[in-house]
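Structural overview for review
Each chain, letter by letter, is given below.
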Amino acid sequence: MPKTIVCRCEDVTEEDLKRAFERGFRDLESLRRFTGFGTGFCQGKSCLCHAARFLAAVKGGDDMVSDPPRTRPPLRPTPFAAFAGALPEADAGAEEKP
Amino acid sequence: MRDRADLVIVGGGVIGLSLAYHLARLGFSDVVVLEQGYLCFGASGRNGGGVRQQWSTEENVLLMKDAVRRYRRLSQECGYNIWFRQGGYLFLARDDASAATLEQNTKLQNRLGVPTRLISPAEARRIVPVLNLEGVRVCAYNPTDGVLFPFPVVWGMARIASDLGVEINTFTRVTNIDVRGRQIVKVVTDRGAIATRRVVNAAGAWSPQVARLAGVELPNKPYRHEILVSEPVKPFLDPLVSDLSNGTYFSQTMRGEICGGLSDPAEPSSMESGSSLRFLSRMSRSLMRLVPQLGSLKVLRQWAGYYDETPDGQPILGRVDAVDGFIQLNGFGGHGFMMAPAIGQLAAEWILRKAEHPIFSTCDLGRFARGEQRRETFSIG
Amino acid sequence: MATARRLDPLPNTPFQYGPKVDFTFEGKPFSGFAGEPLALSLLAGGVRVFGRSIKYHRPRAPMCLHAHCSSCLMRVNGRPNVRTCDTPCVAGLSVERQTGWPGAGFDLLRAIDVVYPEELRHHELFTSSSALSRMATPYVRRMSGAGELPSGPPPLAFPVERQSVRVVVIGAGPAGLSAARRLSQSGEKAVLFEADALAGGRLLDGATRIEGDGDSTGWQRWKAWSDPATLPGIELLCRMPVVAIYPGRPPTVVAVGEDRARIVQPQRVILCTGSYDQLPLFGNNDLPGVMTPRALDRMVLGHGVLPAEPVALVGDSDETLRLSARLLERGVALAGVVTRRRDGPLVGALQDKKVPLVFDREVARARGGRWIHELELSPQRQREPDRLLDCALCVAEAPAAPAFELGHHAGCRVFFGSQGGYRIAIDDTGRTSRDDIFAAGHCAGAADVTTAIRAGERAAATCLESLAHTP
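Source: prediction; values computed, not measured. (Residues numbered from 1 in each chain as written. Chains lettered and ligands numbered in written order. Predicted model: local features only at pLDDT ≥ 70, side-chain atom pairs only at ≥ 80, totals over all residues. Heavy atoms only, no water.)

Points about the domain arrangement of chain C
All names here are of chain C. Convention followed: For the purposes of this description, domain bounds are those given by an automatic or database domain assignment. Should any heavy atoms of two residues lie within 4.5 Å, those residues are counted as being in contact. The quantity reported as buried area is the accessible area (1.4 Å probe) lost by two parts once they are put together, taken as the sum for both. Within this document, salt bridges are pairs made up of a side-chain nitrogen of Lys or Arg and a carboxyl oxygen of Asp or Glu, the two lying within 4 Å of each other. What qualifies as a polar contact is a pair of N or O atoms within 3.5 Å, subject to a donor-acceptor requirement within protein and to the restriction that residues adjacent in sequence count only when both atoms come from side chains. All residues other than Ala, Val, Leu, Ile, Met, Phe, Trp, Tyr, Cys, Pro, Asp, Glu, Lys and Arg, Gly among them, are scored as polar; the first ten of these are nonpolar and the last four charged.
Along its sequence, chain C is organised into domain 1 (8-143), domain 2 (160-276 + 402-468) and domain 3 (290-396). Spacing between the C-alpha centres of domain 1 and domain 2 amounts to 31 Å. Facing 9 residues of domain 1, the contacting portion of domain 2 comprises 7 residues. Carbon and sulfur atoms supply 64% of the area buried between domain 1 and domain 2, which totals about 770 Å² over both sides. Applying the counting criterion to the domain 1 and domain 2 interface returns 1 salt bridge. In this structure, the salt-bridge partner of Asp86 is Arg239, at a minimum N-O distance of 3.9 Å. Between the two partners, domain 1 and domain 2, sit 1 residue pair in polar contact (both at pLDDT 80 or more). Classifying every residue of the side of domain 1 that touches domain 2 gives 4 nonpolar, 4 polar and 1 charged.

Focus: the interface of chain A and chain C
Quite often, the size of an interface is put as the accessible area lost when its parts meet. Spelled out, the test is: Secondary structure elements are defined from DSSP: runs of H or I of at least 4 residues count as helices, runs of E of at least 2 residues count as strands, and each element is numbered from the N terminus.
Contacts between chain A and chain C engage 52 residues on the former and 67 residues on the latter. The junction of chain A with chain C conceals about 4900 Å² of combined surface from both sides, 56% of it contributed by carbon and sulfur atoms. Together, Lys3(A), Arg8(A) and Arg76(A) form the three largest contributors to the area buried by chain A at its contact with chain C, with a combined 18%. The tally of links between chain A and chain C comes to 6 salt bridges. The partner of Glu119(C) in a salt bridge is Arg19(A), with the nearest N and O atoms 3.4 Å apart. Across the chain A-chain C interface, the total number found is 26 residue pairs in polar contact (both at pLDDT 80 or more). Counting only elements with at least two residues in the side of chain A that touches chain C, the list comes to β1 (5-7), α1 (14-22), α2 (28-35), α3 (48-59), β3 (78-79) and α4 (80-83) of chain A. If one sorts the elements of the side of chain A that touches chain C by residue count, α3(A) sits on top with 6 residues. Partitioning the side of chain A that touches chain C into residue classes produces 29 nonpolar, 8 polar and 15 charged.

Let's talk about the packing of aromatic side chains
To keep things clear, this is the line we draw: Centres within 6.5 Å make a pair out of two Phe, Tyr or Trp rings, where for Trp the six-membered ring is used; the pair is then stacked when the planes are under 30 degrees apart, edge-to-face when over 60, and tilted otherwise. Note on classification: 1.4 Å probe, protein chains only; a residue is buried when its accessible area is under 20% of the maximum for its type, exposed when over 50%, partly exposed between these limits.
According to the stated counting rule, one finds 21 aromatic pairs over all chains in the structure shown. With centroids separated by 5.1 Å and ring planes inclined at 75 degrees, the aromatic side chains of Phe25(A) and Trp155(B) adopt a geometry described as edge-to-face. Here the residue Phe25(A) occupies a position in the loop between α1 and α2, and Trp155(B) occupies one in helix α5 (residues 150-163), the pair thus bridging two chains. The two residues Phe25(A) and Trp155(B) agree in class, both being buried. With a centroid separation of 6.3 Å and 80 degrees between ring planes, the pair formed by Trp83(B) and Phe126(C) is classed as edge-to-face. Taken together, the residues Trp83(B) in the loop between α2 (58-78) and β4 (89-93) and Phe126(C) in the loop between α2 (111-115) and α3 (130-143) connect one chain to another.

A closer look at the side chain of Arg85(B)
In plain terms, the rule: Counted charges follow a simple rule, with Lys and Arg positive, Asp and Glu negative, and His plus the chain ends left uncounted.
Tracing the sequence through the fold places Arg85(B) in the loop between α2 and β4. The side chain of Arg85(B) is buried and forms no salt bridge, while Asp238(B), the nearest opposite charge, is found at 4.1 Å. Of the polar contacts made by the side chain of Arg85(B), one reaches the backbone oxygen of Asp238(B); its length is 3.0 Å. For Arg85(B), the residues in contact, after removing those within four places along its chain, are Asp145(B), Gly146(B), Val147(B), Leu237(B), Asp238(B), Gln252(B), Met254(B), Thr137(C) and Arg141(C).

Here's the deal with the environment of Val256(C)
Looking at where Val256(C) falls in the secondary structure, it is placed in strand β16 (residues 252-256). For the pair Val256(C) and Trp371(C), spaced 115 residues apart in sequence, the C-alpha separation works out to 35 Å. Contact partners of Val256(C), with chain neighbours within four places excluded, come to Thr78(A), Ala82(A), Phe83(A), Phe158(C), Arg239(C), Met240(C), Pro241(C), Val243(C) and Ala261(C).

Printed below as a string of structure tokens:
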């Protein structure tokens, strides 16, 4: 069988989701941590809906996945330099000056 | 879910699971673990995986020596690779006080058999060539400290414990602890009650709430601690680096990401678990000062967990005076994960009365009333 | 397999580019047109494999072309993991692939994919012996990670502009542009942030049609709407993605451009963040040459770059059928259209042009080594034989996933709908569960561009009304 890729960033297959579920990782957060989907460069933009749909199907309903995993900024990979000046000088504390 | 058990552990984080794991391996498995979320829901699933033996008290150095020994073999014991990589810990001191602390700690650690060395910034640069050490006076480096991948530690301990007969219930919230007279009789959850005479409070940041259910007040306070990871790149950083001037720490994970955080003296005690721009900004500045090239590396995600802090920086362990059968295993600040395998073993032996350990009398809740607090001065990173 | 070619440029596409410029690809001279996405310069120049996947070292090539996925990453000017689809081609760039051993094109580590046909249990590797584990760790470490540390002079902190404005609109697609127009007409000042190089979103798709008040194509509407002169009071900032909204009152909106950042704490936010295109699940759906319909639309209709042909199209939506027709008009060879739509004018038009239509099959798998060369179609009924469809490019449609994350992090309620995925919950007027944040369009579940345009206008009207009630 050829691999059916759910998460291209971390090479997670549809089969991986099934096996993880069988091993007891039966909620989105656990499934995500165990298989690694959504933890790569795109942070879930091309896999979260597939994984949620999988879980909704095996658990019997959309309400079984009503909450998405916690959203973790930034929305897209962004250089550290972009944030280094994001606080007013007084807030940042002189000791962290780059 | 079982309706009775010899022992109920509240909290399915690494502390509770390590206890369950060690109890089960000692042949005691009439144990139920109650976890309010999924495994890895609390601080155990949100930390950076640092494991160090560089501490300032004899107790903690010895404890962590033991923990490192146990972590070195955990992958084989539990069948999940925790990728424990002993790339060392490199502490940077920028002022006299921190330099003196490192010097004093190094002496203690050496006496106890931990091979920490005080090194010059020039020598530190040989270990991590990309570091900008301008303004750093002295560094402490122990090559046997390291980092690991936290999730498989939790899964592995849970798997073995449950193979050996421990029942682990996730998504189960404790709503009451029934105490008759002085004796615990029952734990009530949102999925039913469990008759028991012994309850271990290993609920981390939620410990004070759990203790209150049994009428016990703990002095622990939860503090949000934020952390982030970058995009993965090829290995360039072996040790975990920690800057004592502001509590910045960062290491490179097995996947190649930079993972780190820093302390925030302005963070109030709360159960806030959201991410802040303040942290992201401070961390970015601090990282760029230490490794200027990291400025163009990209942040992948930021998140937060809790430090479960006690007034003296030492955990709360053992019995409480007011309630029989109520055992504390909490207050580990940001260091529960690294201490877990050692603490789990000690607590299991202590609970089964196989061995005594002074830590359960010196680190009990009563120390605060007795005025016997002892401050661990090296709680950073 | 046909080689890559460029179609004759069209005068009316939104994507106009500059003169031919030279850059280097892995040290060799290469050229492209100034301003076009670098990924397209590479595809037009015959680059097929852009990189290798992290675990199985499967080949990767552009899939979404909208800066959502991770399939077109390369090292550009010394920075690792740069999305080449989101990087304009300019003279003098130094571009390299960064994964695979010895390289991305020919990668011996692809053997991992063969050795582990079912699954590679990375959590259980080397647990049999601690000595083995310790020995393997440095090698595993070296294999992970993508690319080396950034090189070149270290950057300075980006300048940050703090701005005080009442309304922020996030996303300048159909919903966002329509919301901004409504705000502008009422004399409201707003900032409109857009991640893409051009405003327009789905209006930039050649296959988009807007129904009602005089049907128009996406490009016609784009022409009418994207001119800043038609949006007085609105500051449109392209290539300036909002990367986070931190909850709090007011919310903190952080947008980051190429070399600057902007932080706004507005009284109101209108989320028009759109959606992420998805591929359906079938065997080898990650094979290079398999793309989303909108990726192909932008690449071929928008930019005139055709990496290979014939093209197979899989899908039932009007957009996919229209895309097929538009490709034909542009002289692109079609391998066939796999669809369950049997009738209607769009299907009829394809039949008239003698396009092979496959009605009762589903895609079982894509086949090919480093690039797709055929689709294996399985029958919906048993006893019918499998069928192969030769093709050199394949687009396959799946419900897009709403971009709910910014709203979710800001504290807006979201919910799951199996068509698409998580979306921001709104009422009929575009209100979210936060009284200072509104949402419209695909991020809140709109099914098409026409609906999104109406929703954007409505959300802006609701936003204006709520501002009127605020002292």
